[in-house]
Amino acid sequence: MDLKEIQKTLKEMLPEIRLKHSLNVSKCAVKLSEIYKCDKEQAEIAGLVHDCAKYFTDEQIEDCIEKFNIELDPLEVNNIALSHSVIGSYVAQYVFNINDDEIINAIKYHTTGKENMSLLEKIIYMSDLIEEGRNFPRVEELRELTYSGKLDEALILSFNNTIKFVIDNNQLIHPRTVKARNYILGKLTLRSSN
Ligand SMILES: Nc1ncnc2c1ncn2[C@@H]1O[C@H](COP(=O)(O)OP(=O)(O)O)[C@@H](O)[C@H]1O
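Each value, and the rule that gives it
- The written sequence of each chain sets the order in which its residues are numbered from 1.
- Reporting in this predicted model follows two pLDDT cut-offs: at least 70 for local features of residues, and 80 or more for side-chain atom pairs to be given and counted; totals over whole chains, interfaces and linings ignore these cut-offs and use all residues.
- Only hydrogens and water are set aside; all other atoms, that is, all heavy atoms of the structure, feed into the side-chain values.
- Here the aromatic set is Phe, Tyr and Trp, taking the six-membered ring for Trp, and pairing holds for ring centres within 6.5 Å; pairs whose planes are under 30 degrees apart are stacked, those over 60 apart are edge-to-face, and all others are tilted.
- Going along the chain from the N terminus, every DSSP run of H or I of four or more residues is numbered as a helix, and every run of E of two or more is numbered as a strand.
- The buried label applies to any residue whose accessible area, calculated with a 1.4 Å probe on protein chains only, is under 20% of its type's maximum; exposed applies above 50%, and partly exposed to all values in between.
- The angle between two axes is taken between their N-to-C directions and runs from 0 to 180 degrees, where each axis is a line fitted to C-alpha atoms and a helix contributes only its stretch in contact.
- By the definition adopted for this analysis, an angle is roughly parallel if under 35 degrees, roughly antiparallel if over 145, roughly perpendicular if from 65 to 115, and oblique otherwise.
- Every residue pair with non-hydrogen atoms within 4.5 Å of one another is taken to be in contact.
- Note: crossing handedness is left-handed where the near helix turns anticlockwise from the far helix by less than a right angle, and right-handed where it turns clockwise.
- Ten residue types, Ala, Val, Leu, Ile, Met, Phe, Trp, Tyr, Cys and Pro, are classed as nonpolar, four, Asp, Glu, Lys and Arg, as charged, and the remainder, Gly among them, as polar.

Draft legend 1. Inspection of the packing of aromatic side chains at higher detail. Evaluated as defined, the whole model comprises two aromatic pairs. Ring centres of F68 and Y94 lie 4.9 Å apart, and the angle between their planes is 20°; on these two criteria the pair is classed as stacked. Linking F68 in the loop between α4 (58-67) and α5 (80-94) with Y94 in helix α5, this pair joins segments that are 26 residues apart in sequence. Overall, F68 belongs to the buried group, its relative accessible area being 15%.

This is the structure in structure tokens:
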């Protein structure tokens, strides 16, 4: 699918506000692809499609799981906040015909992050949080870090915020986020102690 077709299909899958968010994430990811020197088209497509499964009904989710043979982990089962990224990565592949593993993984890990993230995965993760329509306490600090070349610092702050938020709400923390945080923090600490 080309960008126009992707947008047309997304329009049927997402409410207006989420479509706007997806367009904003795509725009932000393109800006970051220029700053951090990665492929603009991959950033544009991953940003656009990242939330494609966010509004799936239980029935649609069950359908996808069966059709695409998706294995959700125990935290993702019955939790659309976490599962939409994983399911979305299959929808990207089989509905949007995206055959680029880097784009597919950026979609798959955009909610939790993961250990040893690729540049595109980091860009989509941060774009989801800082796109121009986002408004939450300290979002400006995240924008400042991300746009000034401090992508890893921005990620650590975001993982910390998410982990604190999940704890405050007495929810289970997805271990991928803890691993993502420790991996980057470990590398940064090592770098600053050398
Ligand atoms: N690492 C995590 N562990 C557990 N739950 C998480 C984690 N990350 C995100 N969530 C859940 O996902 C929700 C936010 O998901 P997100 O995709 O960022 O939503 P939105 O794009 O609508 O802001 C959080 O409120 C939390 O419940």
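Draft legend 2. Quick look at the packing of helix α2 (residues 16-36) against helix α8 (residues 139-147). At a minimum axis separation of 10 Å, α2 and α8 run at an interaxial angle of 40°. By the angle between their directions, the pair α2 and α8 is classed as oblique. On α8, the residues that touch C28, K31, L32, I35 and Y36 of α2 are L145, T146 and Y147.

Draft legend 3. Seen up close, the packing of α2 against helix α3 (residues 40-49). Axis separation between α2 and α3 bottoms out at 7 Å; the angle between their running directions is 155°. For the element pair α2 / α3, the angle class is roughly antiparallel. Relative to α3, the crossing made by α2 is right-handed. On α3, the residues that touch S22, L23, V25, S26, A29, V30, S33 and E34 of α2 are K40, A43, E44, G47 and L48. Considering only residue class, the contact of α2 with α3 consists of six nonpolar, four polar and three charged.

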